[in-house]
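# Report on the structure
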Amino acid sequence: MDSSGSNRPPPELVDQLPPDGHASHSAKPAPADPVPLHDYPVLSTERLTLRTPRNADIDAISILANDPAIAFMLPHMPHPYGRADAADFVRKACQGGNGNGIYAITDTATGRFLGCCALRPGSTGSALEIGYWVGRPYWGRGYATEAVHALIDLGFRATSVDHVDASCRVTNPASRRVLQKSGFQFHGSEMLAVMALNATVAGDHFRLDRKTWLSLTTWRTQQP
Ligand SMILES: CC(C)(COP(=O)(O)OP(=O)(O)OC[C@H]1O[C@@H](n2cnc3c(N)ncnc32)[C@H](O)[C@@H]1OP(=O)(O)O)[C@@H](O)C(=O)NCCC(=O)NCCS
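Every value quoted in this text rests on a predicted model; they were computed, and no experiment measured them. (Residues numbered from 1 in each chain as written. Predicted model: local features only at pLDDT ≥ 70, side-chain atom pairs only at ≥ 80, totals over all residues.)

### Some points on the site of the ligand
We apply this condition: For each residue, a C-beta atom is positioned from the backbone; the residue is called near a molecule or strand if that atom sits within 6 Å of it. Here a helix means four or more residues in a row that DSSP labels H or I, a strand means two or more in a row labelled E, and each is numbered from the N terminus. Under this grouping Gly is polar, as are all residues other than the nonpolar Ala, Val, Leu, Ile, Met, Phe, Trp, Tyr, Cys and Pro and the charged Asp, Glu, Lys and Arg.
The environment of the ligand is made up of 22 residues, and the closest members are Met 73, Ala 144, Thr 145, Cys 168 and Pro 173. Broken down by secondary-structure element, the contributors of at least two residues to the shell around the ligand are α2 (68-71), β5 (128-134), α4 (143-158) and α5 (173-181). Among the elements that take part in the shell around the ligand, α5 stands out by supplying 5 residues, more than any other. Here the residues of the shell around the ligand sort into 15 nonpolar, 5 polar and 2 charged.

### What about the pairing of strand β3 (residues 102-107)?
How we decide: Put plainly, a residue is buried at 20 or more neighbouring C-beta atoms within 10 Å of its own, exposed at 12 or fewer, and partly exposed in between, counting only other residues' C-beta atoms, which are placed from the backbone. For two strands to count as paired, DSSP must find a minimum of two bridges between them.
Summarising burial for β3: 5 of the 6 residues are buried, a large majority. With 5 bridges joining them, β3 and strand β4 (residues 113-121) adopt antiparallel strand pairing. Of the residues in β4, the one forming a bridge with Ile 105 is Gly 115. As consecutive antiparallel partners, β3 and β4 are separated by 5 residues, and within that stretch Gly 111 has a phi angle of approximately 80°, a positive value.

### Topic: the pairing of strand β8 (residues 199-209)
The sheet contact formed by strand β6 (residues 163-169) and β8 spans 7 bridges and is antiparallel. What sits directly across from Val 164, in β8, is Leu 208. The pairing of strand β7 (residues 185-194) with β8 spans 8 bridges and is antiparallel. Looking at β8, one finds that Met 191 is bridged to Ala 202. Count of turn residues in the β7/β8 antiparallel hairpin: 4 residues, of which Asn 198 carries a positive phi of about 50°.

### A few points about the nonpolar core
How we decide: The nonpolar core is taken to be a set of buried Ala, Val, Leu, Ile, Met, Phe, Trp, Tyr and Cys residues joined by way of C-beta atoms within 7 Å. We call two residues in contact whenever the C-beta atoms placed from their backbones are within 7 Å.
Ile 105, Cys 117 and Ala 147 are the most contacted members of the largest nonpolar core, which has 52 residues in total. Counting residues per element, this core draws most heavily on α4, which supplies 9 residues. Non-local contacts of Ile 105, meaning those with residues more than four positions away in its chain, are made with Leu 48, Leu 50, Leu 114, Gly 115, Cys 116, Cys 117, Val 134, Tyr 143 and Ala 147.

### Describing unusual backbone geometry
The omega torsion of the bond from His 79 to Pro 80 falls at 0°, within 30 degrees of zero and hence cis. Looking at where Pro 80 falls in the secondary structure, it is placed in the loop between α2 and α3 (83-95). For Asn 198, which is not glycine, the phi dihedral falls at a positive 50°. Position of Asn 198 among the secondary structure elements: in the loop between β7 and β8. Judged by the 8 C-beta atoms lying within 10 Å of it, Asn 198 falls in the exposed class.

In short, shape yes, function no, at least from these values alone.
As structure tokens, then:
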């Protein structure tokens, strides 16, 4: 990798990655095409706005992402991580307009950049995969879980896929907990490449199927 970061993949998120948090169970899936998401809307949750990364995020990205505790958990994030890397990431994230599924996670009240997440077609072409990271100062406030719920709702409401996948290292209990709180179930073991380690590590594959999501969202809306 050169220091300009020009030939590095963006600091995204889970695996090949390939983000309003309150889905309505009355939403009907779109017809047939399994991955018809060409236009990713801005998403609003209770506290968060998920939008396309922009140049104004570059400084925050470069500071927050330059953290081995983040890079060592992600497939494509280099470490160390500099401003050029962040600029390259934003440029690539914007290349498809709002059509490539990479979101900046921002605090709606303050506009502050908190992290990134993504919803992308899976490696099989038949499903969607999610990935996410949150800057260390913001850990433990439920932000990743809130963002993941929004990504899941978008994936199932805007496409006809019957499941959404995610992967994480076996040594990543926080990410596992995020997936657990989002309804994902263990779906097998796998090896995961981690760029920052230049190594392949043990990982777990998780899956959320449409029927489970529908049940959870129905259950949620039925709570008193
Ligand atoms: C994983 C990550 C996204 C979580 O972000 P976050 O905003 O702190 O997540 P949330 O607050 O929504 O939930 C974290 C959960 O993990 C739990 N947790 C955190 N550290 C933990 C640990 N060491 N062991 C067990 N649970 C842990 C928290 O208590 C919380 O669960 P709770 O709400 O039941 O208490 C963040 O730590 C991160 O960016 N890590 C590095 C990158 C990464 O791992 N990305 C995912 C790749 S698969």
